[in-house]
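Analysis of the macromolecular model
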Amino acid sequence: MRFLVASLFIVLLCTNLLAQDTPIGTIGFYNLENLFDTEDDPEINDEEYLPTGEREWTEERYQSKLENMSRVIADMAFGPDIVGLCEVENRKVIEDLIQTDHLKLKRYQIVHFNSPDARGIDVALIYKQGRFTPFDVRSIRFKDPADKDFRTRDILWVKGLFNGDTLHVAVNHWPSRRGGKEDKRLIAAEILRKAVDSVQNINPEAKIVLMGDFNDDPSNKSVKKVLMADNKEKKLENGMLYNASGDTFKDGLGTLFYRGAWNLFDQIIISQSLLKGQATNYYYIPNSFKVFAGEYMRETKGQNQGAPFRTFSYGVYQNGFSDHYPSIIFIGTK
């Protein structure tokens, strides 16, 4: 499998980057796959993840999940400065996550809003105190005029100070492919594109990072056409976005393995103002987007060898990690 050497990527990547650029920061994203606590919340459908539920979600299993998720985050370039998260039940589980032994010394802070998703899963942002300072945060509600009862995750938009300059970060978890909801993802892309336009209309040089589980690949219409994100830097027109994930996807790599094929849903997309040739102050280090797949995070045998080692496999608890691998980019300075 292509991920057999992935656990070595940090060492090799840093060696290559230091020969050309000076990394000053890292930005990552991780779908934690159902990080639920063990308490019943009557406002959401969390019955599956209760001690008496289908998953027999005990305190022991919850603590093990926190340990596993925090280990991965800590191992991603020693803990990224900014990390987008999705599939978290509430603020409490994020607080528990950043207080684990792996993360508590990194002094992560939290940005989180409750979303209207029926299952109660939200997006969130954690960031290292002193490395990123939010000063404007908001949630952007998903609305489908033709289906007013449809509920999904909000988009989290965070504006803050990073390395002496303003950075906009948007964390996404678009509607799933279950039930063939492509139209919903197209709407999500339109909503996110409008948010980008509203920022760029005020400041065309604004630094913007869009991250998340888009439930679509870089080549899909929602990302490439509606969001206007492409990986061909020389062909980007005004207002278009650069998809840092695009080349990795073209190489056949992905963040999740489904029915014998890789998808790269967990993307990081940036404004052109973060490209090295155009950026001021700091920039995206070229080709630094990576899928992090440590050896301990992978299935080691069977037809899914190399795929993410999940908490549950076909309903059976196996004390794994997530059905997604996280993604990361490196930031350099002028």
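The structure contained in this document is the topic of the report that follows. (Residues numbered from 1 in each chain as written. Predicted model: local features only at pLDDT ≥ 70, side-chain atom pairs only at ≥ 80, totals over all residues. Heavy atoms only, no water.)

Right, let's get into the pattern of salt bridges. Throughout the structure, instances matching the rule amount to 15 salt bridges. Asp117 is the salt-bridge partner of Arg153, the closest N and O atoms lying 2.9 Å from each other. Placement of the pair is Arg153 in the loop between β5 (132-140) and β6 (155-162) and Asp117 in the loop between β3 (108-112) and β4 (122-128), with a sequence separation of 36 residues. Note on Asp117: relative accessible area 7%, which makes it buried. Where Arg141 meets Asp154, a salt bridge forms, and the shortest distance between an N and an O atom there is 2.6 Å. Separated by 13 residues along the polypeptide, Arg141 in the loop between β5 and β6 and Asp154 in the loop between β5 and β6 bring together distant segments of the chain. The partly exposed category is assigned to Arg141, whose relative accessible area is 42%. The network of salt bridges with shared partners includes Asp144, Asp147 and Lys184. (Salt bridge = Lys/Arg side-chain N within 4 Å of Asp/Glu carboxyl O. Helix = DSSP H or I, 4+ residues; strand = E, 2+ residues; numbered from the N terminus. Buried < 20%, exposed > 50% of the residue type's maximum accessible area, 1.4 Å probe, protein only.)

Here the focus is the sheet that holds β6. Across the sheet, seven strands lie side by side as β5-β6-β7-β8-β13-β10-β9; this open sheet has mixed pairing. The sheet terminates laterally at β5 and β9 (229-230), the two strands that pair on one side only. Of the pairings in the sheet, the one linking β9 to strand β10 (residues 241-243) comprises two bridges and is parallel in character. Within β10, the position partnered with Asp230 by the bridge is Tyr242. (Pairing = 2+ DSSP bridges.)

An ideal rise of 1.5 Å per residue puts 24 Å on 17 residues; helix α2 (residues 59-75) measures up with 24 Å between its terminal C-alpha atoms. Residues of α2 that are buried include every one of Arg61, Tyr62, Ser64, Lys65, Leu66, Asn68, Met69, Ser70, Val72, Ile73 and Ala74, and no others. Structurally, α2 contributes buried residues whose contacts are with β1 (23-35), β2 (82-88), α3 (91-98), β3, β16 (312-313) and β17 (316-317). Where α2 ends, the next residue or the one after it, Ala77, has phi of about 55°, a positive value. (Expected span 1.5 Å × (residues − 1). Contact = heavy atoms within 4.5 Å.)

Counting 74 residues, the largest nonpolar core has Tyr30, Leu85, Leu125, Phe132, Leu167 and Ile329 as its most contacted members. Looking at this core element by element, the count peaks at six residues for α2. If we ignore the near neighbours within four places in the chain, the residues touching Leu125 are Ile82, Val83, Gly84, Gln109, Ile110, Val111, Phe132, Leu156, Val158, Val169 and Val171. Counting residues in each nonpolar core, the second largest holds 25 residues, with Trp157, Ala170, Ile187 and Ile269 among its members. (Core = buried A, V, L, I, M, F, W, Y, C linked by side-chain atoms within 4.5 Å.)

Positive phi is not limited to glycine here, since Asn34 has a value of about 60°. Examined against the element boundaries, Asn34 turns out to sit in strand β1. You will see that Asn163, though not glycine, has its phi angle at about 50°, which is positive. Topologically, Asn163 is positioned in the loop between β6 and β7 (165-173). Note on Asn163: relative accessible area 32%, which makes it partly exposed.

Note that all results are geometric; they support no functional claim without further evidence.
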